[in-house]
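Coordinate inspection notes
Below, each chain spelled out in residue letters.
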Amino acid sequence: MKKLFAACFITAASIVGAGAQGFPNQTIKIIVPFTPGGSNDIVAREIANGLQTRLKQTAVVENRPGGGGTIAYQFVAKAPPDGHTMLIAPASFTMGPHLSKKQLYHPVKEFAAINLVADVPFVMVVPASLPVKSVPEFIALAKKSPNKLTFGSVGQGTPQHLGGELFKMAAGVDLIHVPFRGATVVLPDLIAGRIDMFIGAINSLLELIADGKLRPLATSSNKRVASLPDVPTMAEVGLPEVQVGSGVGLVAPAGTPPAIVKQISDVLGPGLASPEIRAMMDKLGVIPRPGTPADFGAFLARESTKWQGVAKTAGIRITN
């Protein structure tokens with residue numbers, strides 16, 4: 001039995017070593033769960049360019065939109081675990097499995113975390129006409145008028161929706177959720193004061209904040225954001241658990257050899273630190289977040305557990 005265990009260990013180690021040494025030996029595909037043109041797609045193409053340059057192998061981006069991302073997630077989960085097929089994992093990646101009775105994929109068990117490439121912090125904003133200038137004042141107004149204040153989202157089960165529900169839970173307030181079909185529809189109603197609050201990506205709200213049409217109350221990042229230096233974080237206003245953003249991560253199918261995962265992560269690090277990539281991400285309002293596979297794996301596990309709790313408490317179900 002000991003010889004068998006030893007043989008298995010040696011074989012496994014040899015496979016990992018061989019995989020890392022032989023990788024890559026074919027075209028690398030980065031799957032994006034959205035149509036071309038968005039920030040996730042742009043970041044994916046920069047990653048592909050970087051991998052192609054550093055690994056001396058063709059790297060392409062393949063867009064597989066639909067099903068709230070599930071089409072892309074399931075495709076990558078079933079791909080050969082050899083590092084040649086990877087997925088751009090957005091914030092909704094850890095939310096989706098908890099929004100239906102039947103779990104269509106598992107963001108932790110079916111994938112190998114590579115790197116949290118970038119993050120887009122969210123900010124809580126209110127119409128300029130709403131008579132509050134801080135989160136405590138908003139909470140006081142909400143408690144004074146239970147089930148009267150509203151918050152908007154870009155649809156049921158979106159990060160903006162779950163972010164609002166997380167805020168409700170943490171602040172202990174009752175707010176009415178008003179879903180819209182996209183940001184182009186929700187923002188005019190928010191500016192006009194027909195809804196009272198919105199938690200969304202900073203990069204899509206900065207211009208409206210600068211024009212004085214929306215008032216920022218707090219960001220959901222773990223530290224203040226450079227583009228809004230005077231706006232406190234949720235932790236600073238007493239709600240450290242309200243962490244929500246639109247992160248862009250990179251994962252591979254579960255079972256991908258750790259040596260290959262590390263190789264890809266190690267290649268990404270210097271690229272994300274380059275002035276060119278940082279300049280590109282600054283234009284998108286995206287913050288580079290290079291790290292380790294272990295860090296990103298722990299992050300995915302925490303996020304999955306958090307959103308599972310939020311979905312259960314709020315009773316959110318998108319599909320059966």
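Below you will find a few notes about this structure. What you see is a predicted model; the values in this text were computed from it and never measured.

What follows is about the packing of aromatic side chains. The geometry of an aromatic ring pair comes down to the distance between the two centres and the angle between the two planes. One pass over the structure, following the stated rule, counts six aromatic pairs. Ring geometry for Tyr-73 and Phe-93: centres 5.1 Å apart, planes at 75°, overall edge-to-face. Taken as a pair, Tyr-73 in helix H3 (residues 70–77) and Phe-93 in the loop between strand S3 (85–89) and strand S4 (111–119) lie far apart in primary sequence, 20 residues in all. Phe-93 matches Tyr-73 in its accessibility class, with the two residues each being buried. Between Phe-93 and Phe-111, the aromatic rings sit 5.1 Å apart at their centres with planes inclined by 80°, giving edge-to-face as the arrangement. Taken together, the positions of Phe-93 in the loop between S3 and S4 and Phe-111 in strand S4 put the pair 18 residues apart, joining distant regions of the chain. Like Phe-111, Phe-93 is buried. Taken together, Tyr-73, Phe-93, Tyr-105 and Phe-111 form an aromatic cluster joined through their ring pairs. Here the basic side chain of Arg-64 rests over the ring of Phe-75, its NZ or CZ set 3.7 Å away from the ring centre.

Read from one edge to the other, the open sheet built from six strands follows the order S2-S1-S3-S10-S4-S11, with strand pairing classed as mixed. The strands lining the two open edges of the sheet, one partner per strand, are strand S2 (59–63) and strand S11 (287–288). In this fold H3 packs onto strand S1 (28–32), S2, S3, S4 and strand S10 (248–253), with an angle of close to 145° to the strand it touches most, S3. Running at roughly 90° to S4, helix H10 (residues 293–314) makes contact with S4 and S10 of the sheet.

In this section: helix H6 (residues 183–191). Among all positions of H6, only Val-186, Leu-187, Asp-189 and Leu-190 are buried. All buried residues of H6 fall inside an arc of 165° around its axis, so they share one side. On the buried face of H6, the contacting elements are strand S5 (122–127), strand S6 (150–153), strand S8 (197–201), helix H7 (206–210) and strand S9 (214–219). Positive backbone phi, at 85°, marks Gly-193, one or two positions downstream of H6.

The rules behind the values
- Residues numbered from 1 in each chain as written.
- Predicted model: local features only at pLDDT ≥ 70, side-chain atom pairs only at ≥ 80, totals over all residues.
- Heavy atoms only, no water.
- Phe/Tyr/Trp six-rings, centres within 6.5 Å; stacked < 30°, edge-to-face > 60°.
- Helix = DSSP H or I, 4+ residues; strand = E, 2+ residues; numbered from the N terminus.
- Buried < 20%, exposed > 50% of the residue type's maximum accessible area, 1.4 Å probe, protein only.
- Lys NZ or Arg CZ within 6 Å of the ring centre and 35° of its normal.
- Pairing = 2+ DSSP bridges.
- Contact = heavy atoms within 4.5 Å.
- Axes fitted to C-alpha atoms, helices over the stretch in contact; angles between N-to-C directions.
- Arc of directions from axis to C-beta.

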